Amino acid sequence: MTLPDAAAGLGLRRALLDELRAAPPGAFDFLECAPDNWIGVGGRLGEALEDLSARHPLTCHGLSLSLGGPAPLDEVFLARTRRFLDRHKAALYSEHLSACSDATGHLYDLMPVPFDEATVHRVAARIRHVQDVLGRRIAVENVSCYATLPVAPALALDEAGFVDAVLEEADCDLLLDVNNVYVNAVNHGYDARDFLARMPTARIASYHVAGHYDEAPDLKVDTHGAPVKDDVWSLLAEAYRLHGVRPTLLERDFNLPPLPVLQEEVERIRRLQREAADAATAGTARA
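In this text, all values refer to a predicted model and were calculated from it rather than measured experimentally.

A. Main features of the overall build of the protein. A tally of helices and strands in the protein yields nine helices and 12 strands. Seen through its C-alpha atoms, the protein measures out along the principal axes to roughly 55 × 50 × 40 Å. Across the 287 residues that make up the protein, the buried fraction comes to 51%. Considering only contacts within the protein whose residues lie at least 6 apart along the sequence, 80% involve residues at least 24 apart. Element-wise, carbon and sulfur atoms account for 54% of the exposed surface of the protein, whose accessible area totals about 13000 Å².

Right, dumping it as structure tokens:
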């Protein structure tokens, strides 16, 4: 199953299950879930997932593969993930370009990785292996981070260069999280639009937008617990202008409002997608 480029989706959260199942047609174009939170779940919750995935396209966003981690990949979990993706005919599977485990086990957070060539080679090899086991291309997501790991200056890459190098060597796709670009740009003092411009258009499979918390003028925290900020909406419009419209997910994990409030943000995604498509058509006509 593939999604149309002009698609706007919502995160499938357990607190929203009843509202999502009762939502009118057209309330959203697809749902996204984390397989890590659903593999092996049965009973009422499992039935709800089966019902929703039978009626709506489903994408999957992993949390715990630890593509950048030092520990070996969990082969048992990979096999279970493949069965989950196949069972629910997932239109896309993505994971974070980060580490979330070490030799002692899971850290339950998305930790940064060094931005250097050695890490590019190591992470790309792990992504290629994941793609082989899952039997599909995957997308990796640029992550928010609040510190950078030390790297010898002669070997260092900036974040955009690191992401691009991993995508190229792994031959995988990109889930471009626009809120993470904004958060990192503020926290680390780079230009968000320059970062967007350096991303490879042909590899962008989808976008994420989410809300964040303004801790200070120079510190933003990626919470997924608030409405999307105007600056992030503007950055999404810029991403559409630079790279074109792709399926776009509204992430909201905490402080969940009623579904109609989330639908207002879904409609804003759709409006930006229409505006981008109209602008592209007008540009083609003028040419």
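B. Quick look at the layout of surface pockets. In this model, the largest pocket occupies a volume close to 900 Å³. Together, 34 residues line the largest pocket, and L63, H96, L110, H224 and D253 are the ones closest to its centre. Elements with a contribution of two residues or more to the lining of the largest pocket: β2 (30-33) and β6 (105-111). Considering every element that reaches the lining of the largest pocket, the biggest residue donor is β6, with five residues. Looking at the lining of the largest pocket residue by residue, the class counts come to 15 nonpolar, nine polar and 10 charged.

C. Expanded view of empty space enclosed by the protein. As enumerated under the stated definition, the model contains one cavity of 30 Å³ or more in all. Of the pockets and cavities examined, the largest cavity occupies roughly 70 Å³. Forming the walls of the largest cavity are L97, P112, V113, F115, N142, V143, C145, E159, F162 and V163. Looking at side-chain class alone, the lining of the largest cavity contains eight nonpolar, one polar and one charged residues.

D. Expanded view of the nonpolar core. Formed by 74 residues in total, the largest nonpolar core has its most connected members in L10, L12, L20, I127, L176 and V209. Each residue touching L12, except ones within four places of it in the same chain, is listed here: L17, L20, L31, E32, C33, W38, L49, L52 and L58.

E. Fine view of unusual backbone geometry. Its identity as a non-glycine residue notwithstanding, D171 has a phi of 55°, on the positive side. Position of D171 among the secondary structure elements: in the loop between α5 (159-170) and β8 (173-177). Look at N255: it is not a glycine, yet its phi comes out positive at around 50°. Here N255 is to be found in the loop between β12 (248-251) and α9 (259-286).

Cut-off values and rules
- Residues numbered from 1 in each chain as written.
- Predicted model: local features only at pLDDT ≥ 70, side-chain atom pairs only at ≥ 80, totals over all residues.
- Heavy atoms only, no water.
- Helix = DSSP H or I, 4+ residues; strand = E, 2+ residues; numbered from the N terminus.
- Buried < 20%, exposed > 50% of the residue type's maximum accessible area, 1.4 Å probe, protein only.
- Contact = heavy atoms within 4.5 Å.
- Areas by Shrake-Rupley, 256 points an atom, 1.4 Å probe, with all protein chains shown as cover.
- 1 Å grid on protein atoms, 1.4 Å probe; cavity = no way out; pocket = protein on both sides within 12 Å on 5 of 7 lines; lining within 4 Å.
- Points joined across faces, edges and corners; volume = space filled by probe spheres on them.
- Nonpolar A, V, L, I, M, F, W, Y, C, P; charged D, E, K, R; others polar.
- Core = buried A, V, L, I, M, F, W, Y, C linked by side-chain atoms within 4.5 Å.

Interpretation note: all reported values are geometric properties and have no functional meaning in isolation.
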